[in-house]
Amino acid sequence: MQPWSAPDVPVLPGTGLPLRLHDTATGEVRATDPGPTARMYVCGITPYDATHLGHAATYVAFDLVQRVWRDGGHDVHYVQNLTDIDEPLLERAERDGEDWRDLAQRETNLFREDMTSLRVIPPREYVGAVESMPQIADAVESLRAAGAAYDVDGDVYFAVNSDPRFGSVGHLDDDTMLALSAERGGDPQRAGKKHPLDCLLWQAARPGEPSWEEGTTLPPGRPGWHVECAAIALELLGSGIDVQGGGSDLVFPHHEMSVSEAHVLTGDWPFARHYVHAGMVGLDGEKMSKSKGNLVFVSSLRREGRDPMAVRLALLAHHYRGNWAWTEADLLRAEDRLGRWREAVAAPAGPPGDVVVEGLRRALADDLDAPGALDVVDRWAADATTGQGEDLGAPASVSAAVDALLGVRL
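Computed from a predicted structure; not experimentally measured.

So, the pattern of salt bridges
1) Next: Under the definition given, this model contains 35 salt bridges.
2) Next: A salt bridge links Arg 95 to Asp 96, with the nearest nitrogen and oxygen atoms 2.8 Å apart.
3) Next: As a salt-bridge pair, Asp 403 and Arg 409 come within 3.7 Å of each other at their nearest N and O atoms.
4) Next: Under the relative-accessibility criterion, Arg 409 is labelled partly exposed at 42%.
5) Next: By sharing partners, the salt bridges in this structure join Asp 153, Asp 155, Arg 190 and Arg 206 into a single network.

And the structure:
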């Protein structure tokens, strides 16, 4: 599957700082320590609706990770999946009387357009579940062979007790995991399971639903969600990656389960050296989600004529790990900020631009402190627009730094 178009990213003088990120598994902000190539896997969308601002905030956050690593001299091998077969997609297609494949294609195309407009650097590999079916089926078979999977009425389940480190990402107690499993697509009450938290690896074909036969001993069917990401990540990145990321709602069950499956499949630990999670974006006091229907779509804002760079600035005004609620005032403030910055870089001169480059690098290297980075540019812009500073090259160097590190084209 093709990713979206890549923006041109300016190369800045000097070398960026090492990136420190919060790791959910340890609860600490720790230095990332990638080799020449940093490896990152971020969970993608299920394409049954357009990109909402919660999605956008997550992918902009991991875009900053890419930008800081690149500025620090690293190549970045970034993989993102696309869950183009799953219950919500099938349910939406049935509700609307549409072929699920057409729905998935249309919403995937719209997601690509949204990411392009927000200047998000695309993954090196953008991989759908459907095209990865052979690798996913092989992973399920390998888990069976390892004694980590069992059948329940033709469906195949992962035994969480097969990974002695199960629970090491979120460190949640059993009651919390059981509640979240029931809330987020699990089936803790299903009869025949060895443990209520055991998760679906392969669902045998249901009448009227799509299914696949992959030349294995598995019955015709389709995969569970968690093993999809484990199989794709291991196939393309291997074990011991630098970052596994997504929204904080993926800590459990999705990341906990996929990580345990990867541990059993490889025998290696940890699967990732950092588990990084973005906060939730709300509207009217509730998390923004498709199930609640309280969504603000990037595509809708674009159709209204709102500048995608202002949308990006509105997202960057909040620290990626925090939960926050979108308001129209967020976008109005961002539009005002964008105007002030553009006025400043259009000035004939300004205060030294290297101060801005240094300030942006320092803020972003500290667990992606985007609000602190915006403050750096705000101070420079205020001085530049009042005629302070005589550096003729400053406006161009600041514009390049804002583009390279914040992804905002002025």
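Structural notes on helix H5 (residues 174–183)
1) Next: Regarding H5, the residues found buried are Met 177, Leu 180 and Ser 181. Looking down the long axis of H5, one finds its buried residues gathered within 105 degrees of arc, a one-sided arrangement. Those residues of H5 that are exposed and aimed more than 90 degrees away from the buried face are Asp 175, Ala 182 and Glu 183.
2) Next: Considering only its buried residues, H5 is in contact with helix H7 (251–266).

Describing unusual backbone geometry
1) Next: Omega for the bond connecting Phe 252 with Pro 253 falls within 30 degrees of zero, at 5 degrees, which places this linkage in the cis form.
2) Next: The residue Pro 253 is located in helix H7 in this model.
3) Next: A cis geometry characterises the amide bond from Trp 269 onward to Pro 270, with omega recorded as -5 degrees.
4) Next: Unlike most non-glycine residues, Asp 367 shows phi in positive territory, near 55 degrees.
5) Next: Mapped onto the fold, Asp 367 is located in the loop between helix H11 (353–365) and helix H12 (370–385).
6) Next: A residue is classified by how much of its surface remains accessible, and Asp 367, at 4% relative accessible area, is buried.

Topic: the environment of Trp 326
1) Next: Relative to the helices and strands, Trp 326 is located in the loop between strand S14 (324–325) and helix H10 (328–345).
2) Next: Overall, Trp 326 belongs to the buried group, its relative accessible area being 5%.

Comments concerning the sheet that holds strand S7 (residues 155–158)
1) Next: Taken in spatial order, the four strands of this open sheet run S6-S7-S8-S9, and their pairing is antiparallel. Across the chains shown, the open sheet's two edge strands, defined by having one partner strand only, are strand S6 (149–152) and strand S9 (221–223). Direction aside, the axes of adjacent strands within the sheet are offset by 25 degrees on average.
2) Next: Here helix H4 (residues 133–145) sits on the sheet in contact with S6, S7, strand S8 (199–204) and S9, set at roughly 115 degrees to S8.

Some words on the pairing of strand S11 (residues 275–278)
1) Next: Burial along S11 is two-sided: the face carrying Tyr 275 and His 277 and the face carrying Val 276 and Ala 278 are both buried.
2) Next: Here strand S10 (residues 243–247) runs beside S11; their pairing, made up of four bridges, is parallel. Pairing of Gly 245 across the sheet is with Val 276, part of S11.
3) Next: Running through H7, the crossover from S10 to the neighbouring parallel element S11 is right-handed.

Here we look at the packing of H12 against helix H13 (residues 394–406)
1) Next: For the pair H12 and H13, the least separation of the axes is 12 Å and the interaxial angle reads 165 degrees. When the axes of H12 and H13 are compared, the pair comes out roughly antiparallel. The interaxial crossing formed by H12 with H13 has left-handed handedness. Contacts between H12 and H13 involve Ala 373, Leu 374, Val 377 and Trp 380 from the former and Ala 394, Pro 395, Val 398, Val 402 and Leu 406 from the latter.

What counts as what
Residues numbered from 1 in each chain as written. Predicted model: local features only at pLDDT ≥ 70, side-chain atom pairs only at ≥ 80, totals over all residues. Heavy atoms only, no water. Salt bridge = Lys/Arg side-chain N within 4 Å of Asp/Glu carboxyl O. Buried < 20%, exposed > 50% of the residue type's maximum accessible area, 1.4 Å probe, protein only. Helix = DSSP H or I, 4+ residues; strand = E, 2+ residues; numbered from the N terminus. Arc of directions from axis to C-beta. Contact = heavy atoms within 4.5 Å. Pairing = 2+ DSSP bridges. Axes fitted to C-alpha atoms, helices over the stretch in contact; angles between N-to-C directions. Right-handed = clockwise from strand over helix to strand, strands pointing away. Parallel < 35°, antiparallel > 145°, perpendicular 65-115°, else oblique. Left-handed = near helix turned anticlockwise from the far one by under 90°.

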